[in-house]
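Structure at a glance
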Amino acid sequence: MPELPEVETVRRGLEKLIVGQQILSVKILNEKSLSFAGSGLAKKVEGAKIIAVRRRGKVLIIDLDNDFSLVIHLKMTGQLVFQGSERWGGGHPTDSFVGTLPDKSTRIIFELGKKSSEKSFARLFFNDQRKFGWIKLVLTATVNELPLIAKMGPEPWTEEATEKFIKNIRHRANSMIKPAILDQSIIAGIGNIYADESLWSAKVHPETRVKNLTDKQLAAIYRAAGEIMQKSIDFGGSTIQTYVKADGTKGSYLEKFAKVFGKDGQPCPRCGTIIQKLRVAGRGTHICPKCQKPSRIVE
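What comes next concerns the included structure. (Residues numbered from 1 in each chain as written. Predicted model: local features only at pLDDT ≥ 70, side-chain atom pairs only at ≥ 80, totals over all residues. Heavy atoms only, no water.)

Across the sheet, which stays open at both edges, the five strands sit in the order β1-β7-β8-β5-β6 with antiparallel pairing between neighbours. A strand with exactly one partner marks an edge of an open sheet, and here the two such strands are β1 (22-28) and β6 (87-91). The sheet shows a mean angle of 15 degrees between the axes of neighbouring strands, taken without regard to direction. Sheet analysis places strand β5 (residues 78-83) next to β6, joined by five bridges and oriented antiparallel. Within the sheet, the bridge partner assigned to glutamine 79 lies in β6 and is glycine 91. Lying over the sheet, helix α1 (residues 4-18) contacts β5, β6, β7 (106-113) and β8 (122-128), oriented at roughly 150 degrees with respect to β6. (Pairing = 2+ DSSP bridges. Helix = DSSP H or I, 4+ residues; strand = E, 2+ residues; numbered from the N terminus. Axes fitted to C-alpha atoms, helices over the stretch in contact; angles between N-to-C directions. Contact = heavy atoms within 4.5 Å.)

What follows is the structure, encoded as C-alpha cells:
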C-alpha cells in the first residue's frame, strides 16, 4: 500500500495536469470501485470543473466547483493514468502505464476537457487490478467527516502537531511503538518503510512499549518521520517495487537515502553494526541492534 510520500507525488502530478479541466463524462466499468452508482455520479459531476487536488494521509481528494469532491484511495494496486497533451501514470506500475487503455484493469474513465467543446482533450483512467481501491463522491464540506479521514492523526510535518501526536499515542501505552505509529489515528501516512526509518533515526527499538518512552523520544520519532518523508517526497518517494511518480518514473529515496529498510546484512551507517531484519507485530522490520536497544531511553 502506498505511504504518504508516494501519494503526495501522485497528487503533485495530478495537480499540474487536471486542475482547470472540466469533467465531460464518466464511464463506470466496475461500480464496486465507486460509492456513487451509474447515472447518479454522472448527474453530480458532469460539467463540473476541477479546482484543486489535495491529500490527507494516504487519501487523494479532487475538489470540484459544484461543492462535491472525489475522494480516492489507491490501496494496493490502484493507479491513475492521464492521457492528453502528455501521458503519465501514478500508482502500481504495470503495462497499463504504456499500453492501450481502457484495459482489463480499468474501472472508471473520466473524460476531461472544455464544456463547450465537442471533442474531449484528455482522459483520466482509474485502474485497479485487485479491485481494493475506491473512489467516493461526497460533498466537499463533508470530506473531513468521512470515517477514514475523521479519525486520522496529524500529518508528520508541523512542530505544533507534536503535542497532539504525543497525546494520541499515550492512549496506546501498552502497545509496541512500531504498530502504534502505523496506526493512522496516531499519525497520518506512515507505513512500514518510514516507521523503520523514523525509529532508527530516533534510536528507538520497534518493540519498546509506548509507556516506556519519554515525551522527548516520542517527539524525536515524530520529528524524524516528518523530515524523512519530506526528503522522500523531494526525491520522488520510496517506490522501487510498487509505486511510481506521476510521470511514470520510479522514486529514488530507498536507493539513495534509506538507512535501514531493506538493508539487512549491511553495516549501519551510524555505527557500523550489521543491520538485522526481524518481525514486529507481523511486519518485516529492520533495525540496528546497537543503536536501537530494547527500552533504550535517550536523554
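Let us look at the pattern of salt bridges. Pairing between side chains of opposite charge can happen when their charged atoms approach one another. Under the definition given, this model contains 10 salt bridges. We note a salt bridge from glutamate 8 to arginine 11, for which the minimum N-O separation is 3.0 Å. Here glutamate 8 and its partner arginine 11 are both found in helix α1, three residues apart, which amounts to about one turn of the helix. Each member of the pair glutamate 8 and arginine 11 is classed as buried. Residue glutamate 15 pairs with arginine 11 through a salt bridge whose shortest N-O separation is 3.3 Å. In this pair, glutamate 15 and arginine 11 both sit in helix α1, four residues apart, roughly one turn of the helix. Assessed through its relative accessible area of 36%, glutamate 15 is described here as partly exposed. The exposure class assigned to arginine 11 is buried, which follows from its relative accessible area of 13%. (Salt bridge = Lys/Arg side-chain N within 4 Å of Asp/Glu carboxyl O. Buried < 20%, exposed > 50% of the residue type's maximum accessible area, 1.4 Å probe, protein only.)

In space, the four strands of this open sheet follow the order β2-β3-β4-β9, with antiparallel pairing throughout. Whereas interior strands pair on both sides, the edge strands pair on one side only; in this sheet they are β2 (50-56) and β9 (134-139). Mean inter-strand twist for the sheet, computed between neighbouring axes without regard to direction, equals 20 degrees. Bridge analysis of strand β4 (residues 68-73) against β9 gives six bridges, and the strand direction is antiparallel.

Tallied over the entire structure, the rule returns one cavity of 30 Å³ or more. Of the voids in this model, the largest cavity is the one considered here, and its volume is about 60 Å³. Lining the largest cavity we find Ile18, Ile23, Ile50, Ile62, Leu64, Leu70, Ile72, Phe110, Leu112 and Leu124. Secondary structure elements with two or more residues in the lining of the largest cavity: β3 (59-64), β4 and β7. (1 Å grid on protein atoms, 1.4 Å probe; cavity = no way out; pocket = protein on both sides within 12 Å on 5 of 7 lines; lining within 4 Å. Points joined across faces, edges and corners; volume = space filled by probe spheres on them.)

Of all the six residues making up β5, six are buried; the element is thus mostly covered by neighbouring parts of the structure. Burial along β5 is two-sided: the face carrying Gly78, Leu80 and Phe82 and the face carrying Gln79, Val81 and Gln83 are both buried. Here β5 hands over to β6 after three residues, the two strands then running antiparallel side by side.

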